[in-house]
Amino acid sequence: MTTAVTVPEETDNPFALSHLDALESEAVHIFREVAGEFERPVILFSGGKDSILMLHLALKAFAPAPVPFGLLHVDTGHNFPEVLEYRDRAVASNGLRLHVASVQEYIDAGTLRERPDGTRNPLQTVPLLEAISAGRFDAVFGGGRRDEEKARAKERVFSLRDEFGGWDPRRQRPELWQLYNGRHAPGEHVRVFPLSNWTELDVWQYIAREKIELPAIYYAHEREVFSRSGMWLAPGEWGGPKDGERVERRQVRYRTVGDMSCTGAVDSDADTVEKVIAEIAVSRLTERGATRADDKLSEAAMEDRKREGYF
Amino acid sequence: MTGTLDSEALGTAATATTSLLRFATAGSVDDGKSTLVGRLLHDSKSVLTDQLEAVSRASRERGQEAPDLALLTDGLRAEREQGITIDVAYRYFATPKRRFILADTPGHVQYTRNMVTGASTAELAVVLVDARNGVVEQTRRHAAVAALLRVPHVVLAVNKMDLVDYQESVFAAIADAFSAYATSLGVPEVTAIPISALEGDNVVDASAHMDWYSGPTVLEHLETVQVTHDPTDDAARFPVQYVIRPQTAEHPDYRGYAGQIASGVLRVGDRVTVHPSGQTSTITAIDNLGQAVATAWAPQSVTLRLADDLDISRGDVLAPSEADLVPSQDVTATVCHLHDTPLVPGARVLLKVATRTVKARVEDIPSRLTLADLSQHPAPGQLVANDIGRVVLRTAEPLPLDPYARSRRTGSFLLVDPSDGSTLTAGMAGDAFADADSPVATAADDEGWDF
């Protein structure tokens, strides 16, 4: 028992699957389960890499038929133009239906009020929930990954939300084997996270393997930025920079893509997918830690937003 | 982030093909589980600077001087406030050799359901014991869960070796006792490793204090244990998830059956039977997510096409025509009850197996099992949350169910509450510890366990 056993290399086994093959098969399985059990699923699509990856997997899962559900974009109005353009191209080339929930419309109508700090990420929850309810969507695919944040580490693949979109960690169903329980009452819906078991590195390795095109801002480029809370933010109509914040040109890229007001760029010279992978492999910060102001609010920031129905 | 990258790092990170190991840890804070997990994450450099800073900050706020690595794994507010783990937490880390998914589960008896959940997808389970205490009731319970869920590899981590002066005799006695017990339950492989999670001995790096031990460290074992077993040993099972019918100008007659191969190998030309209808046909094409292949195996997600136009829908199971698969409406199973509402005879439930959900009724609950000593309690009347027991079910339709001992994928099922959709119970068809000899003398009744 205390002697080392010589184990043949896993790669010698003709039936071995790489970790990417295993994760891909699992995600495809999840997409097909939802297609088989729900009436009106929808994919949350922000134009960020995780939602692009979800769309890619959905296309593979149902080929040669089209993806049997549409996309839902919660538009904060603070978008990177490159990302919107990507979104519209993806919708057109794959013959998809796009639903848009606009934070700007809520602000214009006076239902939502702009926050003093100008960030609109927390404002997305109401438009998201109303779009889900108006579209009668019963399954909503999100690109959330368990490695992103502590409150997500215990998230289920099928996450039940009550009629107010709320997430109660104590009401979550145990998930065993590959058996996902999607039963829900009318008015409730299920958030589905097919990328639960992927890490940031897996996502990028898979993007490289599958040669998936991303919005250019994920790769190093020169951009005017200013520093706020230790992050490089891009100036724009959303309200930056304020007095005393100095704009400079730097070589940067984005690790996550969200609302312009709270998504920071990182200094980087990684202008190819291979260089990005190498950069992540040696990075000492998580992607949210490096680039998301909204997660720094408190230790339980993400948990609180999830309870209210956030992504 | 702007540091220059050497070409070696560039090459390996981008092209590395590694395998995936899902494993579970069971143990309590007292055994040093959080310290072990924290050390695995920390020493394999999977804890990043901002995570460590958050842990340090939270530790300081609670008046602790050193960063409490348990805070890395206790995510929910209620858990932090109460200093406990109430749920399965999934952790991700990687070494150049392998990617790991760790299901981190609490060890106490009231959390058996979490342990069962974590073990259900694990290919390896790490059971922790305190070297000063040896094999105790909790250890036997953890071994029983691993055996019951048929986790192929079990690691016994004998922790706190520093507190017993790194004595080989202490380790050997615990390892022997545990291995004998686990083997009697049918656990196919036990690897015992003497460690000190606190000092770092044999977790990632080899210990300088135990030259009598020549085996692998915990991480070395995790990196090298063989996780791909030969699928040609298993009978093929293909639960149909979804029927793909594009009905487009380009593909007017395409009809593909999408699913994840649950076990075994499928080949173009194989004769298959559709269960439960009994129709037969031949596989004419296998599409492996965009690539036409001649052979596919578990757990690949594929799309099959057949020679004949049959009436096949979600929930049907395709199996080789020579397979001895006889769909039945009577199911006998070992279950772990998960829900706070007890399971009682006569309960009307939904039974979900693979891609099929059918109505079912609980006919009988012949016995309840105490995991710590495997003693049985005949006719318990009900099963409450965290109870393991035997149930007899009658289903509304015949189900092509395999014994769990033969297939973790097509022998496992859930019982679901038809009124509110809650997941009630996790079930494993067939006998509990089928391969084992009777491990302990118990007062077995007539309908007792087949050890």
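So, how was this worked out
- Residues numbered from 1 in each chain as written.
- Chains lettered and ligands numbered in written order.
- Predicted model: local features only at pLDDT ≥ 70, side-chain atom pairs only at ≥ 80, totals over all residues.
- Helix = DSSP H or I, 4+ residues; strand = E, 2+ residues; numbered from the N terminus.
- Buried ≥ 20, exposed ≤ 12 C-beta atoms within 10 Å, placed from the backbone.
- Contact = placed C-beta atoms within 7 Å.
- Domains from an automatic or database assignment.
- Nonpolar A, V, L, I, M, F, W, Y, C, P; charged D, E, K, R; others polar.
- Pairing = 2+ DSSP bridges.
- Axes fitted to C-alpha atoms, helices over the stretch in contact; angles between N-to-C directions.
- Core = buried A, V, L, I, M, F, W, Y, C linked by C-beta atoms within 7 Å.
- pLDDT = per-residue confidence, 0-100.
- Parallel < 35°, antiparallel > 145°, perpendicular 65-115°, else oblique.
- Left-handed = near helix turned anticlockwise from the far one by under 90°.

Novice: Explain the overall build of chain A to me, and be specific about the residues and the numbers.
Specialist: In terms of helices and strands, chain A carries 9 helices and 10 strands. Residues classed as buried in chain A amount to 56% of the 311 residues present. The contacts in chain A between residues at least 6 apart in sequence include a share of 76% that link residues at least 24 apart.

Novice: Mind laying out the overall build of chain B, listing which residues take part and the relevant values?
Specialist: For chain B, the count of helices and strands is 8 helices and 23 strands. Counting all 451 residues of chain B, 52% fall into the buried class. Restricting to contacts in chain B with at least 6 residues of sequence separation, those with at least 24 account for 70%.

Novice: Break down helix 6 (residues 200–210) of chain A for me, with residues and values.
Specialist: All names here are of chain A. For helix 6, the buried fraction is high: 8 of the 11 residues fall into the buried class. Within the sequence span of helix 6, burial applies to Glu200, Leu201, Asp202, Val203, Trp204, Gln205, Tyr206 and Ile207. Lys211 sits one or two residues past helix 6 and shows a positive phi near 55 degrees.

Novice: Tell me what's going on with the environment of Arg40 of chain A, and back it up with residues and numbers.
Specialist: Residue and element names in this part refer to chain A. Positionally, Arg40 belongs in the loop between helix 1 (19–37) and strand 1 (41–44). Along the primary structure Arg40 and Met54 are separated by 14 residues, whereas in three dimensions their C-alpha atoms are 17 Å apart. With residues up to four places along the chain from it excluded, the contact list for Arg40 reads Gly135, Arg136, Phe137 and Asp138.

Novice: Talk me through the domain arrangement of chain A; I want residue IDs and the actual numbers.
Specialist: Residue and element names in this part refer to chain A. Domain boundaries in chain A define domain 1 (16–201 + 303–307) and domain 2 (216–296). Measuring from the centre of the C-alpha atoms in domain 1 to the corresponding centre in domain 2 gives 23 Å. Contacts between the two partners involve 19 residues from domain 1, matched on the other side by 21 residues from domain 2. Its residues assigned to classes, the side of domain 1 that touches domain 2 comprises 4 nonpolar, 9 polar and 6 charged.

Novice: Explain the sheet that holds strand 1 (residues 19–27) of chain B to me, and be specific about the residues and the numbers.
Specialist: Residue and element names in this part refer to chain B. Across the sheet, 6 strands lie side by side as 2-3-1-4-5-6; this open sheet has mixed pairing. Two strands in the sheet have a free side with no partner beyond their single neighbour: strand 2 (89–94) and strand 6 (190–194). Here the average twist between neighbouring strands, direction ignored, is 25 degrees. Pairing of strand 1 with strand 4 (residues 124–130) involves 4 bridges; the strand directions are parallel. Within strand 4, the residue paired with Ala26 across the bridge is Val127.

Novice: With reference to specific residues and values, describe the nonpolar core.
Specialist: With 204 residues, the main nonpolar core has Ile43 of chain A together with Ala125, Val127, Ala146, Leu156 and Val158 of chain B as its most contacted residues. Those residues in contact with Ala125 of chain B that sit more than four places away from it in its chain are Phe23, Ala24, Ala26, Ala119, Ala146, Val151 and Val154 of chain B.

Novice: Go over the confidence of the model for chain A, please, and point to the residues and values.
Specialist: Residues and elements named next belong to chain A. This prediction gives chain A a mean pLDDT of 85; 85% of its residues lie at or above 70. Counted against residues more than four places away or in other chains, residues 1–10, with its pLDDT under 50, gives 21 contacts. Below pLDDT 50 for its whole length, residues 295–299 participates in 6 contacts with residues either more than four positions away or in separate chains.

Novice: If you had to explain the packing of helix 6 of chain A against helix 7 (residues 273–282) of chain A to someone new, which residues and values would you point to?
Specialist: All names here are of chain A. As a packed pair, helix 6 and helix 7 sit with axes 10 Å apart at the nearest point and diverge in direction by 165 degrees. Judged by the angle between their axes, helix 6 and helix 7 are roughly antiparallel. Along this stretch, helix 6 crosses helix 7, giving a crossing that reads as left-handed. Along the contact surface, helix 6 presents Glu200, Leu201, Trp204, Gln205, Ile207 and Ala208, while helix 7 presents Val273, Glu274, Val276, Ile277, Ile280 and Ala281. In terms of residue class, the contact of helix 6 with helix 7 is made up of 9 nonpolar, 1 polar and 2 charged.

Novice: I'd like a rundown of the sheet that holds strand 6 (residues 189–192) of chain A, residues and numbers included.
Specialist: Paired through backbone hydrogen bonds, the strands of a sheet run either parallel or antiparallel to each other. Residues and elements named next belong to chain A. Spatially, the 6 strands line up as an open sheet ordered 3-2-1-4-6-5, and their pairing is mixed. What marks the edges here is a single partner per strand, and that holds for strand 3 (98–102) and strand 5 (158–161). Taken over all neighbouring pairs, the strand axes of this sheet differ in orientation by 30 degrees on average, direction set aside. Both strand 4 (residues 139–141) and strand 6 contribute to a ladder of 3 bridges, which runs parallel. Looking across to strand 6, one finds that Ala139 is bridged to Val190.

Novice: Give me the lowdown on the environment of Ala103 of chain B, citing residues and values where you can.
Specialist: Residues and elements named next belong to chain B. With respect to the element layout, Ala103 can be found in strand 3 (residues 98–106). On the basis of neighbour count, Ala103 is assigned to the buried category, with 22 C-beta atoms found within 10 Å. Along the primary structure Ala103 and Ala258 are separated by 155 residues, whereas in three dimensions their C-alpha atoms are 29 Å apart. Ignoring any residue separated from it by four or fewer positions in sequence, one finds Ala103 in contact with Ala24, Val88, Tyr90, Gly118, Thr121 and Ala122.

Novice: Tell me about unusual backbone geometry, residues and numbers included.
Specialist: For the bond running from Ala63 of chain A to Pro64 of chain A, omega is 5 degrees, close enough to zero to count as cis. Following the sequence through the fold, Pro64 of chain A ends up in the loop between helix 2 (49–62) and strand 2 (70–75). The linkage connecting Ala298 of chain B with the following residue, Pro299 of chain B, adopts the cis geometry, with an omega of 0 degrees. Within the fold, Pro299 of chain B resides in the loop between strand 14 (295–297) and strand 15 (301–306). Positioned with a positive phi, Asp165 of chain B is a non-glycine residue whose angle comes to about 55 degrees. By the secondary structure assignment, Asp165 of chain B is in the loop between strand 5 (153–159) and helix 7 (168–184). By C-beta crowding, Asp165 of chain B is classed as exposed, having 9 other C-beta atoms within 10 Å.

Novice: Give a detailed account of the packing of helix 1 of chain A against helix 6 of chain A, specifying residues and quantitative values.
Specialist: Residues and elements named next belong to chain A. Between helix 1 and helix 6, whose axes approach to 11 Å, the crossing angle comes to 95 degrees. By the angle class used here, helix 1 and helix 6 are roughly perpendicular. Residues His19, Leu20 and Leu23 of helix 1 pack against Asp202, Gln205, Tyr206 and Arg209 of helix 6. Residue composition of the contact of helix 1 with helix 6, grouped by class: 3 nonpolar, 2 polar and 2 charged.

Novice: Residue-level account of the pairing of strand 5 of chain A, with values.
Specialist: Residues and elements named next belong to chain A. Side-chain alternation along strand 5 places Phe158 and Leu160 on one buried face and Ser159 and Arg161 on a second face that is also buried. Where strand 5 lies against strand 6, 4 bridges are found, and the strand directions are antiparallel. If you follow Arg161 over to strand 6, its bridge partner there is His189.

Novice: If you had to explain the confidence of the model for chain B to someone new, which residues and values would you point to?
Specialist: Residue and element names in this part refer to chain B. Residues with a pLDDT of 70 or more make up 86% of chain B, whose mean pLDDT is 86. For the stretch residues 435–451, pLDDT sits under 50, and the model shows 30 contacts to residues farther than four places along the chain or on other chains. Across the predicted assembly, pTM comes out at 0.89 and ipTM at 0.89.

Novice: Break down helix 5 (residues 112–120) of chain B for me, with residues and values.
Specialist: Residue and element names in this part refer to chain B. Burial analysis of helix 5 places 9 of its 9 residues in the buried class, the great majority of the element. All of the buried residues along helix 5 are Thr112, Arg113, Asn114, Met115, Val116, Thr117, Gly118, Ala119 and Ser120. Buried-residue contacts for helix 5 involve strand 1, strand 3, strand 4, helix 6 (137–148), strand 17 (328–337) and strand 23 (423–429).

Novice: Provide a residue-level description of the pairing of strand 1 of chain B, including the pertinent values.
Specialist: All names here are of chain B. Where burial is concerned, most of strand 1 is hidden: 9 out of the 9 residues are buried. Neither face of strand 1 is open: one carries Ser19, Leu21, Phe23, Thr25 and Gly27, the other Leu20, Arg22, Ala24 and Ala26, and all of them are buried. With 9 bridges connecting them, strand 1 and strand 3 associate as parallel partners. Bridge pairing in strand 3 places Ala26 opposite Thr105.

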